[in-house]
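Given next are the chains, with one letter for each unit.
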Amino acid sequence: MGQGREAEHGHRAHPGDQAQLGHKASSGPRAHFHPGRGDFEGVLGLLAGLTMSFGRGRSARLAAELAGVRAGDRVVDVGCGPGRFLREAAERGAEAVGVEPSGQMRRIAGWRTPGALSGRVRVVDGTAERIPLGDGSATVVWAVASFHHWADPEAGLAEVHRVLQPGGRLLIAERLARPGGWFRHHALTWEQGQDLVAQVERAGFSDVTAGRHPLGRVQVLAVQARRPANPVPG
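Notes on the structure follow.

What counts, and where the lines are drawn
Residues numbered from 1 in each chain as written. Predicted model: local features only at pLDDT ≥ 70, side-chain atom pairs only at ≥ 80, totals over all residues. Heavy atoms only, no water. Helix = DSSP H or I, 4+ residues; strand = E, 2+ residues; numbered from the N terminus. Buried < 20%, exposed > 50% of the residue type's maximum accessible area, 1.4 Å probe, protein only. Areas by Shrake-Rupley, 256 points an atom, 1.4 Å probe, with all protein chains shown as cover. Contact = heavy atoms within 4.5 Å. Polar contact = N/O pair within 3.5 Å; in protein donor to acceptor, adjacent residues only side chain to side chain. Phe/Tyr/Trp six-rings, centres within 6.5 Å; stacked < 30°, edge-to-face > 60°. Lys NZ or Arg CZ within 6 Å of the ring centre and 35° of its normal. Salt bridge = Lys/Arg side-chain N within 4 Å of Asp/Glu carboxyl O. 1 Å grid on protein atoms, 1.4 Å probe; cavity = no way out; pocket = protein on both sides within 12 Å on 5 of 7 lines; lining within 4 Å. Points joined across faces, edges and corners; volume = space filled by probe spheres on them. Nonpolar A, V, L, I, M, F, W, Y, C, P; charged D, E, K, R; others polar.

## Remarks on the overall build of the protein chain
Consideration 1: When you go through the protein chain residue by residue, the secondary structure sums to six helices and eight strands.
Consideration 2: Traced from its N-terminal end to its C-terminal end, the protein chain shows the element sequence β-α-α-β-α-β-α-β-β-α-β-α-β-β.
Consideration 3: For the protein chain, with 234 residues in total, the buried portion stands at 52%.
Consideration 4: When the accessible surface of the protein chain is totalled, it reaches about 10500 Å², and 53% of it is carbon and sulfur.

Spelled out as structure tokens, the structure:
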């Protein structure tokens, strides 16, 4: 497959967001860290989930802007954690479903969802490789700083392709690694991002691009794509 096009954008963010994508970062397109269902349970899991549930507003807005979320969209957040990105989608008038294997994270997402949004937000037990939703049920699927949790990226991308309706949008966002930086083992380099572009193309997506986006003192690497629309009958 051909190389995806690079997109450079100038989204600005407050320095306080510098660590927002670091809580679930990646060491490469094929991740090496795959936590089990128990890793976010218990008291430590509760503390981690509550920590992740606050702030991150600019990160969530960036994701929603990149994905073009609007009223009427049906958004699926793969690895939603405590649900901050779900709430951003719902605030924009979308229906949002989080897919999350950790029961603790699912509970926190429920606690943190205001009553005014509860009708547009739900969280289900699942993983990237097993999304418990019907074919073509989403207009947007995103994985924000959660791609490294995917045990089988090829299977995960196939599931995302299945769940997206024709013409639906995919966003995978991770911290962009800086040479010699503290988070270089918990992020994607630009070269790894290009490998991910090729992997997304092989999974049957079109219009695949990779872009750098500033978020405080770090940059986010965002890979965007579409499920091709159904061909017009001849």
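## Points about the environment of E129
Consideration 1: As for its placement among the helices and strands, E129 is situated in the loop between β4 (121-124) and β5 (138-144).
Consideration 2: With residues near it in sequence (within four places) discarded, E129 still touches W150, A151, D152, A155, G156 and E159.
Consideration 3: Side-chain polar atoms of E129 contact the backbone nitrogen of A151, separated by 2.9 Å.

## Observations regarding the packing of aromatic side chains
Consideration 1: One pass over the structure, following the stated rule, counts one aromatic pair.
Consideration 2: Sitting over the ring of W190, R212 keeps its end group 3.8 Å from the ring centre.

## Quick notes on the pattern of salt bridges
Two side chains that carry opposite charge are able to pair once their charged atoms sit near each other.
Consideration 1: Within the structure shown, the criterion is met by seven salt bridges.
Consideration 2: Here D73 makes a salt bridge to R169, at a shortest N to O gap of 2.9 Å. On the criterion of sequence distance, the pair formed by D73 in the loop between α2 (57-67) and β2 (74-78) and R169 in strand β6 (residues 164-175) is long-range, its members being 96 residues apart.
Consideration 3: A salt bridge links E159 to R162, with the nearest nitrogen and oxygen atoms 2.6 Å apart. Of this pair, E159 and R162 both sit in helix α5 (residues 153-163), three residues apart, which is roughly one turn of the helix.
Consideration 4: Take R162: its relative accessible area is 23%, and that puts it in the partly exposed class.

## Quick notes on the layout of surface pockets
A water-sized probe rolled over the atoms picks out the places where empty space is left.
Consideration 1: Approximately 170 Å³ is the volume attributed to the second largest pocket.
Consideration 2: R74, E95, A96, V97 and R122 are the residues nearest the centre of the second largest pocket, which is lined by 14 residues in total.
Consideration 3: Counting residues per element, the ones that place at least two in the lining of the second largest pocket are β2, β3 (95-99) and β4.
Consideration 4: Residues of the lining of the second largest pocket, tallied by class, amount to seven nonpolar, three polar and four charged.

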